[in-house]
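# Structural description and commentary
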Amino acid sequence: GRLRLTYSLTDENKPGYESGRGNVEMALRALPKPSLKREVMVFVCGKDGFVESYGGRVEREKTSDGSKGKKIQGPLLGILKDAGFDESQVFKY
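Below, the structure is looked at part by part. Predicted model, so just to flag it, every value in this text is computed and none were measured.

About the criteria used
- Residues numbered from 1 in each chain as written.
- Predicted model: local features only at pLDDT ≥ 70, side-chain atom pairs only at ≥ 80, totals over all residues.
- Heavy atoms only, no water.
- Helix = DSSP H or I, 4+ residues; strand = E, 2+ residues; numbered from the N terminus.
- Buried < 20%, exposed > 50% of the residue type's maximum accessible area, 1.4 Å probe, protein only.
- Contact = heavy atoms within 4.5 Å.
- Areas by Shrake-Rupley, 256 points an atom, 1.4 Å probe, with all protein chains shown as cover.
- Lys, Arg positive; Asp, Glu negative; His and termini not counted.
- Charge placed at Lys NZ, Arg CZ, Asp CG, Glu CD.
- Arc of directions from axis to C-beta.

Once that is clear, we can look at the overall build of the protein chain. The helix and strand tally for the protein chain stands at three helices and six strands. Seen in sequence order, the protein chain has helices and strands lined up from the N terminus as β-β-α-β-α-β-β-α-β. In terms of principal-axis extent, the alpha carbons of the protein chain reach across some 50 × 30 × 25 Å. Counting the 93 residues in the protein chain, one finds 22% classified as buried. Considering only residue pairs separated by 6 or more positions, the protein chain has 46% of its internal contacts joining residues 24 or more positions apart. Put simply, the protein chain shows about 7200 Å² of open surface, and 51% of that area lies on carbon and sulfur atoms. When the 17 positive and 13 negative side-chain charges of the protein chain are each reduced to one mean point, those points stand 3 Å apart.

So this is what it looks like as structure tokens:
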């Protein structure tokens, strides 16, 4: 396998970097094609708003005592779903 990183700068426009908040077109330019299925894994990390925008919220298991439960993926939503990726291709943290 091969690892490829893409950085996007929200406010700056520097050569060699994507810039902007992100959208389906940016995702499709920066990421492998979703049609490659099992050959693709997209890892989404960042502040809650970024993760939610790209892939949906990371949720927590419910606990009987009200404490913080384990993190769970939750449904795939947002930009990556709209770009054609499925839940087996995206990991949010």
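This part covers helix 2 (residues 48–55). Looking at helix 2, one finds that the buried residues are V51, Y54 and G55. Down the axis of helix 2, the buried side of the element spans an arc of 75°, and every buried residue falls inside it. Structural note: helix 2 exposes D48 and G49 on the side pointing more than 90 degrees away from its buried face. If you follow the buried residues of helix 2, they end up packed against helix 1 (24–30), strand 3 (42–44), helix 3 (78–82) and strand 6 (90–92).

The next point concerns the environment of P15. Positionally, P15 belongs in the loop between strand 1 (8–9) and strand 2 (18–19). Judged by its relative accessible area of 81%, P15 falls in the exposed class. Separated by 66 residues in sequence, P15 and K81 have C-alpha atoms that sit 28 Å apart.

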